Amino acid sequence: LSDPDIWFHIRNAQFLLANHRLASFDTFSFTVAGKLWPDHEWLAEVPYYLAWKACGLEGIEILMLALLVLISLGVLYLCYRKSNHIKASILACFIAAHLESVNAGPRTILFGYAYLVILLIILERFRSRGRAPLWLLPPLFCLWINCHGSWLLGLLVLAIFTASGLVEGEWGNLQSTRWQPDQLRRMLATIAVSCAALFVNPYGYRLVFYPFDVAFRQSLTVAFVDEWASTNFHSLRGTVVMVVLAGLFISALAARRKWQLSDVALIVFAFYMGLSHERFIFLVGIVVAPTVAQLLEDFVPPYRPDIDKPWLNAAILAGVMAFVIFRFPSPAQLEEQISQDYPAEVLPYLDSHPLSGRMLNFYGWGGYLGWKEPSIKVFIDTRVEVFIHNGVFQDYIRLATLDDTLQILYDYRIRYVLFPTHDPLTYLLQNNRDWKVDYRGNLSTLVERVGSSRGDSPGKSGISVLSWKF
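Just so we're clear, the structure is a prediction, and the values are computed from it rather than from any experiment.

Parameters and conventions
Residues numbered from 1 in each chain as written. Predicted model: local features only at pLDDT ≥ 70, side-chain atom pairs only at ≥ 80, totals over all residues. Heavy atoms only, no water. Helix = DSSP H or I, 4+ residues; strand = E, 2+ residues; numbered from the N terminus. Buried < 20%, exposed > 50% of the residue type's maximum accessible area, 1.4 Å probe, protein only. Contact = heavy atoms within 4.5 Å. Areas by Shrake-Rupley, 256 points an atom, 1.4 Å probe, with all protein chains shown as cover. Lys, Arg positive; Asp, Glu negative; His and termini not counted. Charge placed at Lys NZ, Arg CZ, Asp CG, Glu CD. Pairing = 2+ DSSP bridges. Phe/Tyr/Trp six-rings, centres within 6.5 Å; stacked < 30°, edge-to-face > 60°. Lys NZ or Arg CZ within 6 Å of the ring centre and 35° of its normal. 1 Å grid on protein atoms, 1.4 Å probe; cavity = no way out; pocket = protein on both sides within 12 Å on 5 of 7 lines; lining within 4 Å. Points joined across faces, edges and corners; volume = space filled by probe spheres on them. Nonpolar A, V, L, I, M, F, W, Y, C, P; charged D, E, K, R; others polar. Expected span 1.5 Å × (residues − 1). Arc of directions from axis to C-beta. Salt bridge = Lys/Arg side-chain N within 4 Å of Asp/Glu carboxyl O.

**Quick look at the overall build of the chain**
Then step 1. Across its full length, the chain carries 21 helices and 7 strands.
Then step 2. Taking the principal axes of its C-alpha atoms as reference, the chain extends roughly 75 × 50 × 45 Å.
Then step 3. Counting every position in the chain, which comprises 470 residues, the buried fraction comes to 53%.
Then step 4. For the chain, long-range pairs separated by at least 24 residues make up 71% of all intrachain contacts whose partners lie at least 6 apart in sequence.
Then step 5. Entry remark: accessible area of the chain is about 21900 Å², with carbon and sulfur atoms responsible for 63%.
Then step 6. Put simply, the chain has 39 plus and 39 minus side-chain charges, and the middle of one group is 6 Å from the middle of the other.

Here is the structure:
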């Protein structure tokens, strides 16, 4: 539950179900209040809110795990279709699951990846059998665009798959078969209708434009949010990515296996996205797993039903399920987990000491504070696009990196600052005579302006402060 987006997601869904209308303007902050902000993930937010409504934090956790399990089952199906080797398929899924852990949280993008798996299953059936329910893809994209901006990945996958069938031939171990005229017409018609289905959304062209806005108008997102950074090969996940990439390259050189052009093109696309932005390593896990299952066939012994022991298998599965249920976190444990990432400790103080002015909050805490204390208008939260387009995100970066901090605080008429206790900004203010400490906890400290300081403050420190996923 450490993903900071979940709080404004369930708050948006609460607003939708209570008022029977979608949010179009910001109402959560004082810095961009009234500015245009379409809720581009509204349909995926509703299940999380209903899960919270039914079972609280446990409901959110259960829904998250259910989505991850469904995605994994879909990947397992793709692997088995490709390799016809159940053991190799399970091992490939295990590798994929490690890569997919980059997005293992209560995130709306999980719906996007579930749709991606469905798309790949339909395309695989169409390639292998020459027929598949392509009519499902337009409604799939209609759902997808209302759940998450990752629909563009799906459209690119569909385009790459179609384009790979425009040529025919063999180039060493690489081969491709040209589409039959009827097949090509069906694929092109599916793409056209799927593109039209994208406009079936409550925000019209603005929702269609959103992924391009992220790519071309939100350079600060890529520069300052960790998961948009390139893959860190010094981490365990980065090491697994490198091993998988090296294994595919060696197999391509040494094996006699024929590679389909569409598979290679999709793998190259997935690795390009995953190596450029770590958040897309999940995409790598989904796309590469079936090919990894094929490569593992020669190293994993085949399944032998004659030596199976059904009762022993049942006992092992029952033990695993019992362990999962026993170890499932209780509400108290989930609250404790939250208190390690969010300023739950300061909430009783805020209840008994209502704020009488504007508060600068830490970036990753904005959604949580707004959910817990709706009366508080935050300075910023992780709906980063609306803050970038209105200049607030740039000012926050300057504040947090101690670049003309006091002057910016004065310009925004900030009276309170709630930041991590050991953050450099907290240290700066608590040692300034114009500010005093109102509350200090293990995680968070609230300081209040008591003077009228403005002017110079220390220069840029180069500190990375936006290590939150969104």
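Now, onward.
**Topic: the sheet that holds strand β3 (residues 259-260)**
Then step 1. Spatially, 3 strands are ordered β1-β2-β3 in an open sheet, and the strand pairing comes out mixed. Sheet topology places β1 (169-171) and β3 at the edges, where each strand pairs with a single neighbour.
Then step 2. Pairing geometry for strand β2 (residues 174-176) and β3, over 2 bridges, is parallel. When the bridges of β3 are listed, Leu-174 appears paired with Trp-259.

**As for the packing of aromatic side chains**
Then step 1. Counted under the stated rule, the structure contains 19 aromatic pairs.
Then step 2. Taken together, the ring pairs in this structure connect Phe-362, Tyr-363, Trp-365, Phe-393, Tyr-396 and Phe-419 into an aromatic cluster.
Then step 3. Here the guanidinium or amino end of Arg-11 rests over the ring plane of Phe-28, the centre of that ring lying 4.0 Å away.
Then step 4. Its guanidinium or amino end placed over the ring of Trp-37, Arg-383 lies 4.8 Å from that ring's centre, counting from NZ or CZ.

**Brief notes about the pairing of strand β7 (residues 444-449)**
Then step 1. Across the 6 residues of β7, 6 count as buried, placing the element largely inside the fold.
Then step 2. In β7, alternate side chains face the same way, and those of Ser-444, Leu-446 and Glu-448 on one face and Thr-445, Val-447 and Arg-449 on the other are all buried.
Then step 3. Pairing geometry for strand β5 (residues 414-420) and β7, over 5 bridges, is antiparallel. Considered in β7, the bridge of Pro-420 is made with Ser-444.
Then step 4. Inspection of the sheet shows strand β6 (residues 435-440) paired to β7 by 5 bridges, in the antiparallel sense. Considered in β7, the bridge of Trp-435 is made with Arg-449.
Then step 5. What sits between the antiparallel neighbours β6 and β7 is a turn of 3 residues.

**Some details on unusual backbone geometry**
Backbone phi values are negative for most residues with the exception of glycine, while trans is the configuration of most peptide bonds.
Then step 1. The phi dihedral of Leu-402 falls on the positive side, at around 60°, and the residue is not glycine.
Then step 2. Residue placement: Leu-402 occurs in the loop between α19 (392-400) and α20 (405-411).
Then step 3. For Leu-402, a relative accessible area of 10% gives the class buried.

**What to know about empty space enclosed by the protein**
Then step 1. Taken as a whole and judged by the stated rule, the model has 2 cavities of 30 Å³ or more.
Then step 2. Considered as a void within the structure, the largest cavity measures approximately 210 Å³ in volume.
Then step 3. If you trace the largest cavity, you find 13 residues lining it, with Leu-120, Glu-124, Arg-127, Asp-263 and Leu-266 closest to the centre.
Then step 4. Only α3 (57-83), α5 (109-129), α12 (261-276) and α13 (281-296) provide two or more residues apiece to the lining of the largest cavity.
Then step 5. With 4 residues, α5 is the single largest residue contributor to the lining of the largest cavity.

**Side note on the layout of surface pockets**
Then step 1. Estimated volume of the largest pocket: approximately 730 Å³.
Then step 2. If you go around the largest pocket, you meet 38 residues; those closest to its centre are Pro-211, Val-214, Trp-228, Arg-279 and Phe-280.
Then step 3. Of all the elements in the fold, those that place two or more residues in the lining of the largest pocket are α1 (6-19), α7 (151-164), α9 (205-217), α12 and α18 (384-389).
Then step 4. Looking at the lining of the largest pocket, the element that brings in the most residues is α9, giving 6 residues.
Then step 5. For the lining of the largest pocket, a count of residues per class yields 20 nonpolar, 9 polar and 9 charged.
Then step 6. Approximately 440 Å³ is the volume found for the second largest pocket.
Then step 7. Every residue along the wall of the second largest pocket is listed here: Leu-65, Leu-68, Val-69, Leu-317, Val-320, Met-321 and Val-324.
Then step 8. Listing elements by their share of the lining of the second largest pocket, those giving two or more residues are α3 and α14 (310-327).

**Re helix α8 (residues 181-197)**
Then step 1. The end-to-end C-alpha separation of α8 is 24 Å, in line with the 24 Å expected for 17 residues at 1.5 Å each.
Then step 2. Buried residues of α8: Gln-183, Met-187, Thr-190, Ile-191, Ser-194 and Ala-197, and no others. Buried residues of α8 fall within an arc of 125° about the axis and therefore sit on the same side. Those residues of α8 that are exposed and angled more than 90 degrees off the buried face are Pro-181 and Arg-185.
Then step 3. Buried positions along α8 lie against α5, α6 (137-147) and α7.

**Side note on the environment of Ile-95**
Then step 1. For Ile-95, the position within the fold is in helix α4 (residues 86-100).
Then step 2. Relative accessible area serves as the criterion here: at 25%, Ile-95 is assigned to the partly exposed category.
Then step 3. When the C-alpha positions of Ile-95 and Gly-285 are compared, they lie 7.5 Å apart, and in sequence the two are 190 residues distant.
Then step 4. In contact with Ile-95, not counting residues within four places along its chain, are Val-240, Val-244 and Val-292.

**Details of the pattern of salt bridges**
Then step 1. Following the criterion strictly, the structure yields 16 salt bridges and no others.
Then step 2. With a closest N to O distance of 3.7 Å, Glu-278 and Arg-237 form a salt bridge. With a gap of 41 residues between them, Glu-278 in the loop between α12 and α13 and Arg-237 in helix α11 (residues 236-254) connect regions that are remote in the sequence.
Then step 3. Close ionic contact of Asp-306 with Arg-304 constitutes a salt bridge, the shortest N to O distance being 3.1 Å.
Then step 4. Assessed through its relative accessible area of 58%, Asp-306 is described here as exposed.
Then step 5. Salt bridges sharing partners connect three or more residues here, namely Lys-82, Glu-124, Arg-127 and Asp-263.

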